[in-house]
Amino acid sequence: MKSRNDNNKLLDTWLDPIEYITTSGTQERPRIILGVPNALHQYFVIENLQDKIYYEISDTYGLPFEVEFTITGHKINNNIDSLNSNSSDDTGGGNDVLHAQLSRSQPILVNQPRMSSDGALNAELTFSTFVVGKNSEFAHAACFNVARNPGADDYNPLYIYGPVGMGKTHLLHATGNYIRQQFQQLRITYISAERFMNECISSIRRHEMDKFRQKYRENSDILLVDDVQFIARGEAVQEEFFHTVNSFIDNRKQVILASDRMPKDIHGLEDRSRTRLERGLIVDITMPDLETRIAILRYKAEKYNIRMSEDVVNYIARISKRSIRELEGNLKKVKMFSELQGLPIDGELVRKILSHHETQSTISVEEIMKLVADHFKVRILDLKSSTRAKPIVVPRQIAMYLIKKFLEKSLVDIGKAFGGKDHTTVMNALNRVRTLQASDQDIAKDIEDLEQRIHNITGV
């Protein structure tokens, strides 16, 4: 197990060569450009450290800078050794190095006024760059309707949930960007729940809650909150969040929330907060099917100017089944290796780079749920609900059975995936399915068909 000093050294290895190049953009959309020595360094920093660097810069200067990494082709010499000797022994030491580098560089916008809160929106994440599939049709339509008529009672709050890496954040940004274009007078706040929590705690300690409340309740018209599940970590934070959401809804201001689970499945969330989040419209977004993944991959390849044959596109899409983030990560990995080794992107290279996926299960809990829901013509939301209606109970039990058989998940994990069912409920469901297989030919045929479809997807 690595020590903290080892972690510091690892961070320093990647952070030391980062060079401040320049600050560009406008006061509304400031951008800081940092230099890295090569493509491998750029890939690692973007994949692992970009968020940390973004927050360090934004916190230091009080501006939500966009951060861009450009390849310089050389390692810079900026007295890092002296900075390292003064860095902390905590795992955040690497950020202290970067902080010192940036403080010395003095970007040109550092003394300008704080920008409006909507500056954190990513301009590239729009409705036009979101590839819609069956997995996201409802969520996309709901967000677009909200963007055209923010504050409508039927969609307030709008709550988007689904596994990590499915496009929830993209839809939040797309909605914010559309509103900003169509309703320029509206002030937009986009923030993660974790950052809201940290700001709230900091304001409580400094006795500055009036400023905090003014920032979120009075100085904003649209509230976009990502990763809402983190709100449940503290009672005081929940209190402020509850009243903030209430204030927005009471004043017909739009609230859009995103989370990896439904409100009732957020452990530690107070009942009044849960019912408030459930008041509006809840939509889910799941893993896209193969056709949608291929469409996403084609779009990303064109965006990054990557040339690939259809066979290569189909291969990457077929093995990238855990999330859209994994799909894009695999594409970037292929691009990086191709450029570093000077090789064309063909089937042989791609299989060599992504060979580890061949031995991994390529189906997820959500995808099994989707297969079962489509087969029985019910909604995934119904499978996760508490209803005891037979048209829902039997598909739910079959989904649990298939997840246990193909993914070997624990009873507790399966229960959590279905809205927090206990392990006894799951065990009874598995026993019930085995009984039905032996006594009901129609059910046995349904299970056989579903198992065959899973075999076709996984290849095992």
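Please read these numbers as outputs of a predicted model, since none were measured by experiment.

Draft legend 1. Layout of the sheet that holds strand E4 (residues 158–161). A sheet is described by the order of its strands in space; here five strands give the open sequence E5-E6-E7-E4-E8, paired in parallel fashion. Two strands bound the open sheet, and with one partner strand each, they are strand E5 (188–192) and strand E8 (281–284). If you compare each strand with its neighbour and ignore which way they point, the axes differ by 15 degrees on average. Pairing of E4 with E8 involves four bridges; the strand directions are parallel. Looking across to E8, one finds that Tyr161 is bridged to Asp284. Here helix H6 (residues 137–148) sits on the sheet in contact with E4, strand E7 (254–259) and E8, set at roughly 140 degrees to E8. With respect to the sheet, helix H8 (residues 193–205) is in contact with E5 and strand E6 (222–226), its orientation differing from that of E5 by roughly 95 degrees.

Draft legend 2. Structural context of helix H14 (residues 324–341). The end-to-end C-alpha distance of H14 is 26 Å, a good match for the 26 Å that 18 residues give at a rise of 1.5 Å each. Among the residues of H14, Ile324, Glu326, Leu327, Glu328, Gly329, Asn330, Leu331, Val334, Met336 and Ser338 are the ones counted as buried. Of the residues trailing H14, Gly342 is marked for its positive phi of about 65 degrees.

Draft legend 3. Representation of the packing of aromatic side chains in the model. Within this structure, the stated rule accounts for seven aromatic pairs. On the basis of an interplanar angle of 65 degrees and a centroid distance of 5.9 Å, the ring pair of Phe127 and Tyr178 is categorised as edge-to-face. Remark: Tyr178 occurs in helix H7 (residues 168–182) and Phe127 occurs in the loop between helix H5 (93–105) and H6; sequence separation between them is 51 residues. Classification of Phe127 by relative accessible area gives buried; the value is 12%.

Draft legend 4. Just the nonpolar core, in detail. Ranked by size, the top nonpolar core spans 32 residues in total, and within it Ile368, Ile398, Leu402, Ile403 and Phe418 carry the most contacts. Mapped onto this core, the elements with two or more residues apiece are helix H16 (365–376), helix H17 (380–383), helix H18 (390–407), helix H19 (411–417), helix H20 (423–439) and helix H21 (441–458). When residues of this core are assigned to their parent elements, the largest contribution, ten residues, is made by H18. Contacts of Ile398, omitting those with residues within four sequence positions, involve Phe376, Val433, Ile443, Ile447 and Leu450. Counting 27 residues, the second largest nonpolar core, distinct from the first, contains Cys200, Leu223, Val225 and Phe248.

Draft legend 5. Up close: the packing of H16 against H18. Following both chains from N to C, one finds H16 and H18 inclined at 145 degrees, their axes separated by 9 Å at the closest point. Crossing of H16 against H18: the hand is right-handed. Counting all contacts with H16, which are made through Val365, Ile368, Met369, Val372 and Phe376, the residues of H18 involved are Pro395, Ile398, Ala399, Leu402, Ile403, Phe406 and Leu407. In terms of residue class, the contact of H16 with H18 is built from twelve nonpolar, no polar and no charged.

Draft legend 6. Representation of the environment of Thr126 within the structure. Mapped onto the elements, Thr126 comes out in the loop between H5 and H6. In sequence terms Thr126 and Ala174 are 48 residues apart; their C-alpha atoms lie 3.9 Å from each other. Not counting residues up to four positions away in its chain, the partners in contact with Thr126 are His170, Ala174 and Asn177. Side chain to side chain, Thr126 and Ser128 meet in a polar contact 2.8 Å long.

Draft legend 7. Focus on helix H2 (residues 39–48). Taken together, the buried positions of H2 are occupied by Ala39, His41 and Val45. Along the axis of H2, the buried residues cluster in a sector spanning 160 degrees; they form a single face.

Draft legend 8. Region of interest: the environment of Leu277. Residue position: Leu277 is located in helix H11 (residues 271–277). With 21 residues separating them along the chain, Leu277 and Ile256 place their C-alpha atoms 9.8 Å apart.

Draft legend 9. Representation of the environment of Lys168. Along the chain, the position of Lys168 falls in helix H7. Sequence spacing of Lys168 and Thr286 is 118 residues, and the spatial spacing of their C-alpha atoms is 9.7 Å. Sequence-distant contacts of Lys168, defined by excluding residues within four places in its chain, comprise Ile160, Tyr161, Gly162, Pro163, Ala258, Ser259, Asp260 and Ile285. A polar contact of 3.0 Å, which involves the side chain of Lys168, links it to the backbone oxygen of Gly162.

Draft legend 10. Expanded view of unusual backbone geometry. Each neighbour pair has its own omega, and for Asn156 with Pro157 the value is 0 degrees, a cis peptide bond. Among the structural elements, Pro157 can be located in the loop between H6 and E4. We note that Asp227 has phi near 55 degrees; this positive angle belongs to a residue other than glycine. Positive phi, close to 55 degrees, is recorded for Arg252, a residue that is not glycine.

About the thresholds
- Residues numbered from 1 in each chain as written.
- Predicted model: local features only at pLDDT ≥ 70, side-chain atom pairs only at ≥ 80, totals over all residues.
- Heavy atoms only, no water.
- Pairing = 2+ DSSP bridges.
- Helix = DSSP H or I, 4+ residues; strand = E, 2+ residues; numbered from the N terminus.
- Axes fitted to C-alpha atoms, helices over the stretch in contact; angles between N-to-C directions.
- Contact = heavy atoms within 4.5 Å.
- Expected span 1.5 Å × (residues − 1).
- Buried < 20%, exposed > 50% of the residue type's maximum accessible area, 1.4 Å probe, protein only.
- Phe/Tyr/Trp six-rings, centres within 6.5 Å; stacked < 30°, edge-to-face > 60°.
- Core = buried A, V, L, I, M, F, W, Y, C linked by side-chain atoms within 4.5 Å.
- Left-handed = near helix turned anticlockwise from the far one by under 90°.
- Nonpolar A, V, L, I, M, F, W, Y, C, P; charged D, E, K, R; others polar.
- Polar contact = N/O pair within 3.5 Å; in protein donor to acceptor, adjacent residues only side chain to side chain.
- Arc of directions from axis to C-beta.

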